[in-house]
Amino acid sequence: MLIVPEREIADLMTREAAFAAVEKVFAAMASGDAYNFPVVREAIGHEDALYGFKGGFDRAGLTLGLKAGGYWPNNLDKRGIINHQSTVFLFDPDTGKAKAMVGGNLLTALRTAAASSVSIRHLARKDAKVIGMIGAGHQAKFQLRAALEQRDFDKVIGWNLHPDMLPNLEEVAAEAGLPFEAVELDGMQEADVMISITSSFDAILSAGQVAPGTHIACMGTDTKGKQEVDPQLLAKATVFTDEVAQSVSIGEAQHAVAQGLIAEGDIAQLGAVINGSHKGRASDEEITLFDGTGVGLQDLAVANAVVELAVEKGIAIEVDF
Ligand code: NAD
């Protein structure tokens, strides 16, 4: 069995490799070659932790396994380690033998950033110039960095409930040599591409604050009850997702579906656009919305890619198991 520890991931994994792995597995999901297993998520009654598993099997990429982990709210204060903790386990689909154990913390951030980035590649207008960010936390920096590689952007605008976090966005914009402007939510109408990545439980952005032709990736809503945008925006937009079952239950679409504004059948898989079985954006005036809920197969895909890189570079630790 191979081990790739968390400390090695930053030097091994690239945004390009994460993008390629996520794009490929989204396509495999849409063509029926890959599927996710039901998600398990439990409050374990110890350290206020939420623990669970996300797994799946990709018959095309021969990737089988799961990500185990969750959220330990006291880690940072009590132990000086990050609150989100996860590990990916890969198995040989031919034999069931354990194949690899991979640190999953940085990989989770990279695969989430890759998902909105893949949606921008396939759904945003080619002439997009202004990118708008709603949210400025840990994950927002990853999302913005990956998104900036997808179009020839000339400005970053941003809004956050806690304005003291906005320098996070300014820092990433500066890395890319772009100006950053803090705006009110009405100012988001200037954006051609938008990403929302917050922990909000109420709609932040109203449908009227999104201009025609915009592509928006809603990335923060990954649990029942969370919400970032007005459900009317989903009624107005063409809605895509990583996985429809998650979109309607734990994703941004849960609210619009519950209110009868859209139906499950109105939501398309982003993988179908990648495969060419859905035409994607239909016009320059259409609003496209990607509901990125985060699936186990994304984790397995990036973990598999990092194991290959670690073997190539002689960094993977081999243990007899
Ligand atoms: P973080 O704690 O670093 O940042 C949280 C962000 O949400 C900040 O911008 C904060 O100002 C904002 N926020 C907090 N409460 C808010 C509220 N009530 N209304 C509006 N904004 C609020 O967290 P993070 O690591 O950046 O993660 C952000 C979100 O992304 C989380 O909800 C997380 O569960 C989600 N996430 C989704 C995926 C996925 O695959 N879809 C993957 C990873 C994380």
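Residues numbered from 1 in each chain as written. Predicted model: local features only at pLDDT ≥ 70, side-chain atom pairs only at ≥ 80, totals over all residues. Heavy atoms only, no water.

Enquirer: Account for the packing of aromatic side chains, with residues named and values stated.
Expert: One pass over the structure, following the stated rule, counts four aromatic pairs. Each ring, one from Tyr35 and one from Phe37, has its centre 5.4 Å from the other, and the planes form 65°; the classification is edge-to-face. Residue Phe37 is classed as partly exposed on the basis of its relative accessible area of 29%. Ring plane angle 65° and centroid distance 6.1 Å describe the contact between Tyr51 and Trp72, whose orientation is recorded as edge-to-face. With Tyr51 in strand β4 (residues 50-58) and Trp72 in the loop between β5 (63-71) and α3 (75-79), this residue pair connects regions lying 21 residues apart in the sequence. Overall, Tyr51 belongs to the partly exposed group, its relative accessible area being 30%. (Phe/Tyr/Trp six-rings, centres within 6.5 Å; stacked < 30°, edge-to-face > 60°. Buried < 20%, exposed > 50% of the residue type's maximum accessible area, 1.4 Å probe, protein only. Helix = DSSP H or I, 4+ residues; strand = E, 2+ residues; numbered from the N terminus.)

Enquirer: How would you sum up the site of the ligand? Please name residues and give values.
Expert: Close to the ligand lie 23 residues; Arg111, His138, Asn160, His162 and Lys226 are nearest. Within the contact set of the ligand, an oxygen atom lies 2.9 Å away from a backbone nitrogen or oxygen of Ala136. Gly292 places a main-chain nitrogen or oxygen 2.9 Å from a nitrogen atom of the ligand. Its free accessible area being 870 Å², the ligand has 78% of it covered by the protein chains. Taken together, the elements giving at least two residues each to the shell around the ligand come down to α4 (105-123) and α5 (138-147). When its residues are assigned to classes, the shell around the ligand shows six nonpolar, 14 polar and three charged. (Near = heavy atom within 4 Å. Polar contact = N/O pair within 3.5 Å; in protein donor to acceptor, adjacent residues only side chain to side chain. Areas by Shrake-Rupley, 256 points an atom, 1.4 Å probe, with all protein chains shown as cover. Nonpolar A, V, L, I, M, F, W, Y, C, P; charged D, E, K, R; others polar.)

Enquirer: Residues and numbers for the pairing of strand β6 (residues 84-91), please.
Expert: Pairing geometry for β5 and β6, over eight bridges, is antiparallel. Within β6, the position partnered with Tyr71 by the bridge is His84. Sheet topology note: the β6/strand β7 (residues 98-103) ladder contains five bridges and is antiparallel. Looking at the pairing, Thr87 lines up with Gly103 of β7. (Pairing = 2+ DSSP bridges.)

Enquirer: Go over the sheet that holds strand β8 (residues 130-134) with me, naming the residues and quoting the values.
Expert: Taken in spatial order, the eight strands of this open sheet run β10-β9-β8-β11-β13-β17-β15-β16, and their pairing is parallel. The strands lining the two open edges of the sheet, one partner per strand, are β10 (180-182) and β16 (268-269). Its contacts with the sheet place α4 against β11 (193-196), β13 (215-218), β15 (238-241) and β17 (288-291), and it is angled at close to 160° to β13. Sheet strands touched by α5: β8, β9 (155-159) and β11. Its angle to β8, the strand with the most contacts, is close to 165°. (Contact = heavy atoms within 4.5 Å. Axes fitted to C-alpha atoms, helices over the stretch in contact; angles between N-to-C directions.)

Enquirer: Tell me about unusual backbone geometry, residues and numbers included.
Expert: Backbone geometry places Glu47, a non-glycine residue, at a positive phi of 55°. Structurally, Glu47 can be placed in the loop between β3 (40-43) and β4. Despite not being glycine, Leu62 has its phi angle at roughly 50°, a positive value. Looking at the element boundaries, Leu62 is found in the loop between β4 and β5. For Leu62, a relative accessible area of 43% puts it in the partly exposed group.

Enquirer: Describe the packing of helix α2 (residues 15-30) against helix α11 (residues 296-312), and please don't skip the residues or the numbers.
Expert: Here α2 crosses α11 at 135°, and the two axes come no closer than 9 Å. With respect to their mutual orientation, α2 and α11 come out oblique. In this structure, α2 crosses over α11, and the sense of that crossing is right-handed. Here α2 contributes Ala17, Ala18, Ala21, Val22, Val25, Phe26 and Met29 to the contact with α11, which in turn contributes Leu297, Gln298, Ala301, Val302, Ala305 and Leu309. Split by residue class, the contact of α2 with α11 holds 12 nonpolar, one polar and no charged. (Parallel < 35°, antiparallel > 145°, perpendicular 65-115°, else oblique. Left-handed = near helix turned anticlockwise from the far one by under 90°.)

Enquirer: So what's going on with α11? Which residues, and what values?
Expert: Along an α-helix, residues three or four apart share an orientation, since each turn contains 3.6 residues. Taking 1.5 Å per residue, 17 residues should reach 24 Å; α11 reaches 25 Å between its end C-alpha atoms and fits that length. The element α11 is extensively covered by neighbouring structure, given that 14 of its 17 residues are classed as buried. Once α11 finishes, Gly314 follows within two positions and takes phi at roughly 70°, a positive value. (Expected span 1.5 Å × (residues − 1).)

Enquirer: Help me get a handle on the pattern of salt bridges, residues and values and all.
Expert: Scanning the entire structure with this criterion turns up 14 salt bridges. A salt bridge links Lys129 to Asp152, with the shortest nitrogen-to-oxygen separation between them at 3.6 Å. Remark: Asp152 occurs in the loop between α5 and β9 and Lys129 occurs in the loop between α4 and β8; sequence separation between them is 23 residues. In this structure, the salt-bridge partner of Glu171 is Lys141, at a minimum N-O distance of 3.2 Å. Remark: Lys141 occurs in helix α5 and Glu171 occurs in helix α6 (residues 167-175); sequence separation between them is 30 residues. (Salt bridge = Lys/Arg side-chain N within 4 Å of Asp/Glu carboxyl O.)

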